[in-house]
Amino acid sequence: MEAQVIEFIQQGGTVMYFLLATSILSLTIIFERAWSLRRSVVIPLNVVNQVETSVRDGDVKSAMTFCQHHNTAMSRILWVALANRGVNRSVMKEILEESGRQEVAHLERFVGVLGVIAAIAPLLGLLGTVIGMIEVFQQISLVGVGKADVLAGGISKALNTTAFGLVVAIPSMVAYRYYESRVDRFVLEIEHHALRFVELLKGERA
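None of the values given here were measured: they were computed from a predicted structure. (Residues numbered from 1 in each chain as written. Predicted model: local features only at pLDDT ≥ 70, side-chain atom pairs only at ≥ 80, totals over all residues. Heavy atoms only, no water.)

*Asks:* For the overall build of the chain, give the residues involved together with the corresponding values.
*Replies:* Of regular secondary structure, the chain possesses 9 helices and 0 strands. In the chain, the succession of α and β elements from N to C terminus is α-α-α-α-α-α-α-α-α. Over its C-alpha atoms the chain spans a radius of gyration of 27 Å, topping by over 25% the 17 Å that the globule rule assigns to 206 residues. Residues counted as buried form 38% of the 206 residues belonging to the chain. Intrachain contacts of the chain at a sequence separation of at least 6 include 76% that bridge at least 24 residues. Counting 19 positive and 19 negative side-chain charges, the chain places the averaged centre of each group 4 Å from the other. (Helix = DSSP H or I, 4+ residues; strand = E, 2+ residues; numbered from the N terminus. Rg over C-alpha atoms; globule rule 2.2 N^0.38 Å. Buried < 20%, exposed > 50% of the residue type's maximum accessible area, 1.4 Å probe, protein only. Contact = heavy atoms within 4.5 Å. Lys, Arg positive; Asp, Glu negative; His and termini not counted. Charge placed at Lys NZ, Arg CZ, Asp CG, Glu CD.)

See the structure below:
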């Protein structure tokens, strides 16, 4: 089996090695984002509840310390709100929006690369196939069309890169769409919690 895989890669030529590199990069990003975009890492509700409880008790210092000890997107935004609790509501919203944009950029990190891989992998595969077909026609010019087994083998090798390109592109596109949607949902939740927290700080919510 291992020998067949190695042969499959070698038959694809140089383009196949580029596709192999993109597949490794894609898998790395998929696993990294799966770990980084867990709810417990982005919006831990226990942290939100604890910080809100401390604010209701009037212990802002404890709330800020708690946020610092929990390095998550939500806790960082809550800390910014606490650090700027003296400003008026409109200014605080602008500050939180800027902080939120930074957190969104952090959440979206590497996700766009998956979209790029999904777009270029089929094109790389097609390039490999075109190069392979050129080699097949060169063989035809040398040996003629009488040797069907030689031509069939050459065409089969040429199609290897297209197949592998699709194998790389399809899961990359699925992961890209999934993580893009997940980040969007997290952004909405963060905005919701941040607005509620501002209302709490300004005494508009019990």
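*Asks:* An account of the packing of helix α1 (residues 2-11) against helix α2 (residues 14-36) is needed here, citing residue identities and associated values.
*Replies:* Between α1 and α2, the shortest axis-to-axis distance is 6 Å and the interhelical angle comes to 120°. Every residue of α2 that contacts α1 at F8, I9 and Q10 is listed here: M16, Y17 and L20. Of the residues belonging to the contact of α1 with α2, the class tally is 5 nonpolar, 1 polar and no charged. (Axes fitted to C-alpha atoms, helices over the stretch in contact; angles between N-to-C directions. Nonpolar A, V, L, I, M, F, W, Y, C, P; charged D, E, K, R; others polar.)

*Asks:* Tell me what's going on with the confidence of the model for the chain, and back it up with residues and numbers.
*Replies:* For the chain, per-residue confidence averages 87 on the pLDDT scale, and residues scoring 70 or more make up 92% of the total. When pLDDT is averaged over each element of the chain, α2 comes out on top at 94 and α1 at the bottom at 75. (pLDDT = per-residue confidence, 0-100.)

*Asks:* Kindly report on unusual backbone geometry, identifying the contributing residues and their values.
*Replies:* Excluding glycine, residues mostly carry a negative phi; peptide bonds, for their part, are mostly trans. One non-glycine residue with positive phi stands out, namely F110, at about 75°. Residue position: F110 is located in the loop between α7 (89-107) and α8 (111-143). Residue classification places F110 among the partly exposed positions, given a relative accessible area of 38%.

*Asks:* Hey, could you go over the side chain of S23 for me, with residue numbers and the actual values?
*Replies:* Inspection of the secondary structure assignment puts S23 in helix α2. Here S23 falls in the buried class, since its relative accessible area comes to 14%. In terms of polar contacts, S23 uses its side chain to reach the backbone carbonyl oxygen of L20, at 2.6 Å. Excluding its chain neighbours within four sequence positions, the residues that come into contact with S23 are F164 and V168. (Polar contact = N/O pair within 3.5 Å; in protein donor to acceptor, adjacent residues only side chain to side chain.)

*Asks:* So what's going on with the nonpolar core? Which residues, and what values?
*Replies:* Within the largest apolar cluster, 37 residues are counted, with the highest numbers of intra-cluster contacts made by V51, V55, L82, I190 and F197. At the level of elements, α2, α4 (45-56), α5 (60-69), α6 (73-83), α7, α8 and α9 (148-201) are the ones that each hand at least two residues to this core. For this core, the element with the highest residue contribution is α9, accounting for 12 residues. In contact with V51, not counting residues within four places along its chain, are A63, F66, C67, L78, L82 and F197. (Core = buried A, V, L, I, M, F, W, Y, C linked by side-chain atoms within 4.5 Å.)

*Asks:* Could you give an account of α7, naming the residues involved and the relevant values?
*Replies:* The first and last C-alpha atoms of α7 sit 26 Å apart over 19 residues, in line with the 27 Å expected at 1.5 Å per residue. Among all positions in α7, only M92, L96, S99, G100, E103 and L107 are buried. The buried residues of α7 occupy an angular sector of 110° when the element is viewed end-on, so they sit on one face. Opposite the packed face of α7, turned more than 90 degrees from it, sit the exposed residues E94, R101 and Q102. (Expected span 1.5 Å × (residues − 1). Arc of directions from axis to C-beta.)

*Asks:* Explain the packing of α4 against α6 to me, using residue names and the numbers behind them.
*Replies:* At a minimum axis separation of 10 Å, α4 and α6 run at an interaxial angle of 20°. Compared by their axis directions, α4 and α6 come out roughly parallel. For the element pair α4 and α6, the recorded crossing hand is right-handed. Of the residues in α6, those touching α4 at V47, V48, V51 and V55 are M74, S75, L78 and L82. Its residues placed into classes, the contact of α4 with α6 shows 7 nonpolar, 1 polar and no charged. (Parallel < 35°, antiparallel > 145°, perpendicular 65-115°, else oblique. Left-handed = near helix turned anticlockwise from the far one by under 90°.)

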